Amino acid sequence: MLKKDRPARPKVIVTRRLPATVEARMTELFDVTLNPDDRPMDRAALAAAMADCDVLVPTVTDHLDAELIGAAPDRLQMIANFGNGVDHIDLAAARAKGIIVTNTPGVLTEDTADMAMALILTTPRRFIEGDNIARSGDWPGWSPTFLLGRRIGGKQLGIVGMGRIGQAIARRARAFGLTIAYHNRHRLPVAAEEESGAIWYDDLDRLMAESDILSLNCPLNADSRHLIDARRIALMKPSAFLINTARAEVCDEEALIEALEQGRIAGAGLDVYHDEPHIDPRLLALPNVVTLPHMGSATHEAREATGEKVIANIRTWVDGHRPRDQVLEGLI
């Protein structure tokens, strides 16, 4: 089949289990192969899937590197990613093969911001430690010095990556009395800064040194990989907390663990990890670290809206038009 041919009912392979309503709609519209047992595909299974479909619908757990994409036959014309981040897809290789890549921006913003705000509140106040003690049956009772945490109001929240999610976090944080500062590749328009009450820092090092809570919300790319490295972590206050609901690789996990173990920063709230689904045992052993299982966007509403965007992108492509959410290499 030539690249220009777009079948009216394309063969679509979905790599993971999706919400029932999304799978039902896909079944109506496409010749779809689903993954009912939800087991992640290994490399061989991904290669086989890419050889047998017009459209692949992968997720963040599917690593589509240059070799896999380069070996795909011409039949594969579209990778309709279920999710916003596309750091697991080699965009240059896809472009070289003439494969369209789409994502699902915008639908995860509010839920991910809720999660980040929850970690901003939970980590300094030691709520998870308190819940564990209450459930253990070993609570000795109230005392003036028991489980003392850090007050949120009046502190500075530093946001690294002031896109949709970063701005949504800023709006929430203002209600809790936090001062908002941010670092971004480009400064926001004045109106956006006024809405969020955010102060622009052109120097990330200064933001690291002056913030009481640091929230990582930038996409993962060549420039942001290990953006928060050992040197920058060393700039943080001993009383500061790091929150990561973006991608694990934005922060050097080894350097973060070392700083936490040595007490050079006060704690961390994490929803992402370098070797998911495995979490470094050292993180799990630290009482000042809140660990969540990559659930920042895990709401019924977000997952269904993501599926709807995937379907819309595929249908737009089938109709001969450029999908609204096509990802252009170099513009992420």
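Residues numbered from 1 in each chain as written. Predicted model: local features only at pLDDT ≥ 70, side-chain atom pairs only at ≥ 80, totals over all residues. Heavy atoms only, no water.

Peer 1: I keep staring at the sheet that holds strand 5 (residues 100–102) and nothing clicks. Help me out?
Peer 2: The strands making up a sheet are joined through hydrogen bonds of the backbone, oriented either antiparallel or parallel. Pairing is parallel across the open sheet formed by 5 strands, whose spatial order is 2-1-3-4-5. A single partner strand is all that each edge strand has here, and the edge strands are strand 2 (31–33) and strand 5. Each strand of the sheet is rotated relative to its neighbour by a mean of 15 degrees, with strand direction disregarded. Sheet analysis places strand 4 (residues 78–80) next to strand 5, joined by 3 bridges and oriented parallel. In the strand pairing of strand 5, I79 is matched with V101. Lying on the sheet, helix 13 (residues 300–318) is in contact with strand 1 (11–14), strand 3 (55–57), strand 4 and strand 5; it crosses strand 4 at an angle near 160 degrees. (Pairing = 2+ DSSP bridges. Helix = DSSP H or I, 4+ residues; strand = E, 2+ residues; numbered from the N terminus. Axes fitted to C-alpha atoms, helices over the stretch in contact; angles between N-to-C directions. Contact = heavy atoms within 4.5 Å.)

Peer 1: Help me understand the pairing of strand 11 (residues 267–270) in this model?
Peer 2: Walk down a regular strand and you will see the side chains alternate between the two sheet faces. Residue alternation in strand 11 divides its side chains into two sets, G267 and G269 and A268 and L270, and both sets are buried. Where strand 10 (residues 241–244) meets strand 11, 4 bridges bridge the pair, whose relative direction is parallel. The partner of N244 across the bridge, within strand 11, is L270. For the crossover that starts at strand 10, traverses helix 11 (residues 253–261) and ends in the parallel strand 11, the hand is right-handed. As paired strands, strand 11 and strand 12 (residues 289–291) are joined by 3 bridges and run parallel to one another. Bridging across to strand 12, L270 finds its partner in T291. (Buried < 20%, exposed > 50% of the residue type's maximum accessible area, 1.4 Å probe, protein only. Right-handed = clockwise from strand over helix to strand, strands pointing away.)

Peer 1: Honestly, helix 7 (residues 164–175) in this entry has me stumped. Any pointers?
Peer 2: Each α-helix turn comprises 3.6 residues. Residues three or four places apart therefore point the same way. Here helix 7 is 12 residues long and its end C-alpha atoms lie 18 Å apart, about the 16 Å a rise of 1.5 Å per residue gives. Taken residue by residue, helix 7 has G166, Q167, A168, I169, A170, R172 and A173 as its buried positions. Lining the buried residues of helix 7 we find helix 5 (109–125), strand 6 (156–160), strand 7 (179–183), helix 8 (190–196) and strand 9 (213–216). Just beyond helix 7, the residue with positive phi is G177, at close to 80 degrees. (Expected span 1.5 Å × (residues − 1).)

Peer 1: I'm lost on the UniProt feature "domain: D-isomer specific 2-hydroxyacid dehydrogenase catalytic" (unreviewed entry) in the chain in this one. Help?
Peer 2: UniProt's feature table lists "domain: D-isomer specific 2-hydroxyacid dehydrogenase catalytic" (unreviewed entry) at residues 14–327, given in the numbering used throughout. Its end C-alpha atoms 19 Å apart, residues 14–327 is made of 39% helix and 13% strand. (UniProt positions renumbered as here; feature names shortened; annotations may be inferred.)

Peer 1: Help me understand the packing of helix 1 (residues 20–29) against helix 13, please; the structure alone is not making it clear to me.
Peer 2: Packed helices, taken two at a time, are described by the angle between their axes plus the distance between the axes. Where helix 1 meets helix 13, the axes come as close as 9 Å, and the angle between the chain directions of the two elements is 15 degrees. Overall, the two elements helix 1 and helix 13 adopt an arrangement that is roughly parallel. Crossing angle aside, the handedness with which helix 1 passes helix 13 is right-handed. On the side of helix 1, the interface is formed by T21, V22, R25, M26 and L29, while helix 13 contributes R303, E304, G307, V310, I311 and R315. Across the contact of helix 1 with helix 13, the residue classes tally to 5 nonpolar, 2 polar and 4 charged. (Parallel < 35°, antiparallel > 145°, perpendicular 65-115°, else oblique. Left-handed = near helix turned anticlockwise from the far one by under 90°. Nonpolar A, V, L, I, M, F, W, Y, C, P; charged D, E, K, R; others polar.)

Peer 1: Would you mind going over the side chain of T306 with me for this structure?
Peer 2: Note that T306 resides in helix 13. Using a relative accessible area of 2% as the deciding quantity, one classes T306 as buried. Leaving out residues up to four positions away in the same chain, T306 has contacts with F82, G83, T104, V107 and L108.

Peer 1: Looking at this structure, I do not really get the pattern of salt bridges. What am I missing?
Peer 2: Side chains that differ in sign of charge can pair as their charged atoms come close. Applying the stated criterion to the full structure yields 24 salt bridges. Across the salt bridge formed by E210 and R206, the nearest N and O atoms sit 3.5 Å from each other. Residue E210 and its partner R206 are located together in helix 9 (residues 204–210), separated by 4 residues, close to a single helical turn. On the accessibility criterion, E210 (34% relative accessible area) is partly exposed. A salt bridge links R264 to E258, with the nearest nitrogen and oxygen atoms 3.8 Å apart. Judged by relative accessible area, R264 falls into the partly exposed class, the value being 31%. Residue E258 is classed as partly exposed on the basis of its relative accessible area, which comes to 40%. It is possible to trace a salt-bridge network through shared partners that takes in K11, D52, D54 and R75. (Salt bridge = Lys/Arg side-chain N within 4 Å of Asp/Glu carboxyl O.)

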